[in-house]
Amino acid sequence: MKMGFVGLGNVGGKLAGSLLRNGHDLTVLDLNAELVAGFVAKGAKAADSPADLMQACDAVITCLPSPAACAAVVEEMIPFVEVGKIWMEMSTTEVSEVKRLAALVTEKGGTAIECPVSGGCHRADTGNISIFAGADRATFERMLPILTTLGRRVLHTGEIGSASTLKVMTNYLATANLLTCCEALVTMKAVGIDMNTTYEAMKISSGTSFVHETESQVILNGSRDISFTMDLVKKDIGLFQKLAEDANVPLEISPLMVEIFNDGIAKYGERELSPNIIRRLEDATGLDVTATGFPLELTDDEPEEQGYEVIPTGLIKPILAD
């Protein structure tokens, strides 16, 4: 299968790298010519436009920073979609928008599958990230070999829209974990507890989380670098808040999180690294929440392995399986 990939940023570049590293025929496209040149040097081909990419490839993956960016790319590809062509959406996007674009692809005879990822850039780099896949069962099974190359754990979530909904939810939870970790670290610093000891206490306790065991390390290092920025967090938690509002769920924590990140962006800029939301508390207290012995950036120390489908607990067969 000839694969196309649009969006070679922090996440997309690593996902596309997994395809190339595992021997797939890959053509890439990005506004940054240097990123494209780097992939071409490793054996990929370059496309001049989304239209060219759809014409040249069997399946095209988009991994872009906003619903608007994705819509612009997919709408340019639509005239060249035909029977057998596949669009794979790997961005974190708005549910209504992924459904709209999928319908346009289907109307032209093509197939759409949404497959957002979760687990951090460091796991995307090794092909060990998790993937949520929304599509009919036949499409999911057709694309499973590609999905299990891109990621380790692949969950079929149901029809188009279900994966984006779940992805927004998980990003909301990750952000809530980040904010509580920041508050915990600053408070322990303020009362005189050693930061290395604090990290280990959190890690071995009921208060641990994936976010603590990863992002707290680069917070304490001081780099705060997880290749994710405050504007992207604001987008993600805003999408979750909209889901709740549309469903008439009166959330209390979510609006406060949106307010906190609005304040962080106003103070430090929308392209500030997201873990630096802790600076609001550092600045307010005059404390420096760093410690020795923590890494500058996150790396995945698990070896790359072939992925597999995750079957939800309690189900005797996959969702939508005949």
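Check the entry above for the structure.
Basis of the calculations
- Residues numbered from 1 in each chain as written.
- Predicted model: local features only at pLDDT ≥ 70, side-chain atom pairs only at ≥ 80, totals over all residues.
- Heavy atoms only, no water.
- Salt bridge = Lys/Arg side-chain N within 4 Å of Asp/Glu carboxyl O.
- Helix = DSSP H or I, 4+ residues; strand = E, 2+ residues; numbered from the N terminus.
- Buried < 20%, exposed > 50% of the residue type's maximum accessible area, 1.4 Å probe, protein only.
- Pairing = 2+ DSSP bridges.
- Right-handed = clockwise from strand over helix to strand, strands pointing away.
- Phe/Tyr/Trp six-rings, centres within 6.5 Å; stacked < 30°, edge-to-face > 60°.

A. Structural context of the pattern of salt bridges. Enumeration according to the criterion identifies 18 salt bridges in this entry. Among the salt bridges present, the one from R152 reaches E305, with a minimum N-O distance of 3.8 Å. Of the two residues, R152 sits in the loop between helix 7 (137-150) and strand 9 (153-158) while E305 sits in the loop between helix 13 (279-285) and strand 10 (308-310), which places them 153 residues apart along the sequence. Note that R280 is salt-bridged to D263, the shortest N-O span being 2.7 Å. Placement of the pair is R280 in helix 13 and D263 in helix 12 (residues 253-268), with a sequence separation of 17 residues. D263 gets classed as partly exposed once you look at its relative accessible area, which sits at 24%. Each of the salt bridges in this network shares a partner with another, and the network as a whole consists of R123, R152, D300, E302 and E305.

B. Broad picture of the pairing of strand 8 (residues 130-134). Within strand 8, 4 of the 5 residues are buried, which leaves it mostly tucked inside the rest of the structure. Note: strand 7 (residues 117-118) against strand 8, 2 bridges, orientation antiparallel. Of the residues in strand 8, the one forming a bridge with S118 is S130. Handedness of the strand 8-helix 7-strand 9 crossover: right-handed.

C. Structural context of the packing of aromatic side chains. Inspection of the entire model under this criterion finds 2 aromatic pairs. Note on Y172 and F240: the rings are 4.0 Å apart at their centroids and 10 degrees apart in plane angle, and the pair reads as stacked. Of this pair, Y172 sits in helix 8 (residues 162-190) while F240 is found in helix 11 (residues 230-246), placing the two residues 68 residues apart along the sequence. Note on accessibility: Y172 and F240 belong to one class, buried. Centroid distance Y199 to F294: 5.1 Å. Interplanar angle 70 degrees. Geometry classified as edge-to-face. Here F294 lies in the loop between helix 13 and strand 10 and Y199 lies in helix 9 (residues 195-203), a separation of 95 residues in the sequence.

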